[in-house]
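Breakdown of the fold
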Amino acid sequence: LYFNYSDSLNPYAAQSSGNKALMSLLFDSLVEVDNDFSATNVLASKIDVSGKKVVIDLGSYKFSDGSYVTGADVVYSIEQCKKAKQGAYVNQLENVSSYSASSNTIYLTLKREDKNVCNLLDFPIIKKGTVNKTNSDGKNIAPVGTGRYVLHDNLGEFSLRANAHYFGGKPENEIQLKNIPDYDALEYLIRSNTIDAYYNDFD
């Protein structure tokens, strides 16, 4: 698969279509929304909505580094989501006026009631304090997530390797990543079978 090394792998800052497409492999969310716009719990074990109050209980899940996901990590992710300037998650939590956490429970207060608020809880959960992680070159790398894969850098050769702590079973394949800085190079590499797949919402 292709990605852009000069772009961010932070789900709240990524701009290139290749990097955005990798987000679902690196990160999970509280819920997953299906094609019928029904929310199914992923990292959340229970969500109660009462008027403008939303209470979310987390399940027992681990990040790729082996640490458990806590309410503080969800609050941190909410903060990143609300700070996003552009991208897929801009304004997603605009209706959330306040949020807090106690252990594995998250409390949201909405500005106005929303019976479909659970559908907006599909933003990526990242480990607290890992947004600005850097490698030996000082380049920002992917924050720590709970997804099926973990970004691996072997002297500039990038790949996605199986997350040993993934709760859905260990993926079997390693995915090689190719750094493609522009569309012309991408088109050539697709035609030469160097890249296996390219996805764009707008094509």
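For the structure, see preceding data.
A short tour of the structure in this document, coming up. (Residues numbered from 1 in each chain as written. Predicted model: local features only at pLDDT ≥ 70, side-chain atom pairs only at ≥ 80, totals over all residues. Heavy atoms only, no water.)

**A short note on helix 2 (residues 71–83)**
Since the α-helix advances by 3.6 residues per turn, residues separated by three or four positions end up pointing in the same direction. In this model, helix 2 (13 residues) spans 18 Å end to end at C-alpha, consistent with the 18 Å of a helix rising 1.5 Å per residue. Looking only at helix 2, the buried set comprises Gly71, Asp73, Val74, Val75, Tyr76, Ser77, Ile78, Gln80 and Cys81. Residues of helix 2 that are buried make contact with strand 5 (53–58), strand 6 (96–102) and strand 7 (105–110). (Helix = DSSP H or I, 4+ residues; strand = E, 2+ residues; numbered from the N terminus. Expected span 1.5 Å × (residues − 1). Buried < 20%, exposed > 50% of the residue type's maximum accessible area, 1.4 Å probe, protein only. Contact = heavy atoms within 4.5 Å.)

**What to know about unusual backbone geometry**
One non-glycine residue, Asn91, lies in the positive phi region at around 70°. Tracing the backbone shows Asn91 in the loop between helix 2 and strand 6. Positive phi, normally seen in glycine, also occurs at Asn193, with a value near 65°. Among the secondary structure elements, Asn193 is positioned in the segment after helix 3 (183–191). We classify Asn193 as exposed; its relative accessible area is 64%.

**Let's talk about the environment of Asn119**
Mapped onto the secondary structure, Asn119 falls in the loop between strand 7 and strand 8 (149–154). Residues Asn119 and Asp34 lie 85 residues apart in sequence; the distance between their C-alpha atoms is 9.4 Å. Not counting chain neighbours up to four residues away, the residues in contact with Asn119 comprise Val33, Phe37 and Ala39. Here Phe37 takes part through its backbone oxygen, which lies 2.8 Å from a polar atom of the side chain of Asn119. (Polar contact = N/O pair within 3.5 Å; in protein donor to acceptor, adjacent residues only side chain to side chain.)

**Describing the pairing of strand 10 (residues 175–179)**
In the sheet, strand 1 (residues 2–3) pairs with strand 10 via two bridges, with the strands oriented parallel. The residue of strand 10 that forms the bridge with Phe3 is Asn179. Relative to strand 10, strand 9 (residues 157–162) runs antiparallel, the two sharing three bridges. In the sheet register, Leu160 faces strand 10, and the bridge partner there is Ile175. (Pairing = 2+ DSSP bridges.)

**Here's the deal with the nonpolar core**
With 44 residues, the main nonpolar core has Leu30, Ile56 and Phe123 as its most contacted residues. Counting only elements with at least two residues in this core, the list comes to helix 1 (17–26), strand 4 (44–50), strand 5, helix 2, strand 7, strand 9 and strand 10. When residues no more than four places from it in sequence are discounted, the contact partners of Ile56 are Leu30, Ala44, Lys46, Ile47, Asn104, Thr105, Ile106, Leu108 and Leu121. Core analysis: the next-biggest nonpolar cluster, separate from the first, contains five residues, Ile180, Leu186, Leu189 and Ile195 among them. (Core = buried A, V, L, I, M, F, W, Y, C linked by side-chain atoms within 4.5 Å.)

**Things to note about the pattern of salt bridges**
Note that side chains of opposite charge can pair when their charged atoms are close. Across all of its chains, the model carries five salt bridges by this definition. Of the charged contacts, one joins Lys46 and Asp48 as a salt bridge, the two residues approaching to 3.7 Å between their closest N and O atoms. Here Lys111 makes a salt bridge to Glu94, at a shortest N to O gap of 3.3 Å. Here Lys111 is found in the loop between strand 7 and strand 8, whereas its partner Glu94 is found in the loop between helix 2 and strand 6, with 17 residues between them in sequence. Overall, Glu94 belongs to the partly exposed group, its relative accessible area being 33%. Among the charged side chains, a network of salt bridges with common partners joins Glu94, Lys111 and Arg112. (Salt bridge = Lys/Arg side-chain N within 4 Å of Asp/Glu carboxyl O.)

**A look at the layout of surface pockets**
Over the atoms, a rolled probe matching the size of one water molecule traces out where space is still vacant. In this structure, the second largest pocket occupies an estimated 240 Å³ of space. Every residue lining the second largest pocket is counted, 19 residues in all, and those nearest its centre are Lys133, Ala142, Pro143, Val150 and Leu151. Among the elements that line the lining of the second largest pocket, the one with the most residues is strand 8, at five residues. The residue inventory of the lining of the second largest pocket, partitioned by class, reads 10 nonpolar, six polar and three charged. (1 Å grid on protein atoms, 1.4 Å probe; cavity = no way out; pocket = protein on both sides within 12 Å on 5 of 7 lines; lining within 4 Å. Points joined across faces, edges and corners; volume = space filled by probe spheres on them. Nonpolar A, V, L, I, M, F, W, Y, C, P; charged D, E, K, R; others polar.)

These values are about where atoms sit, not about what they do.
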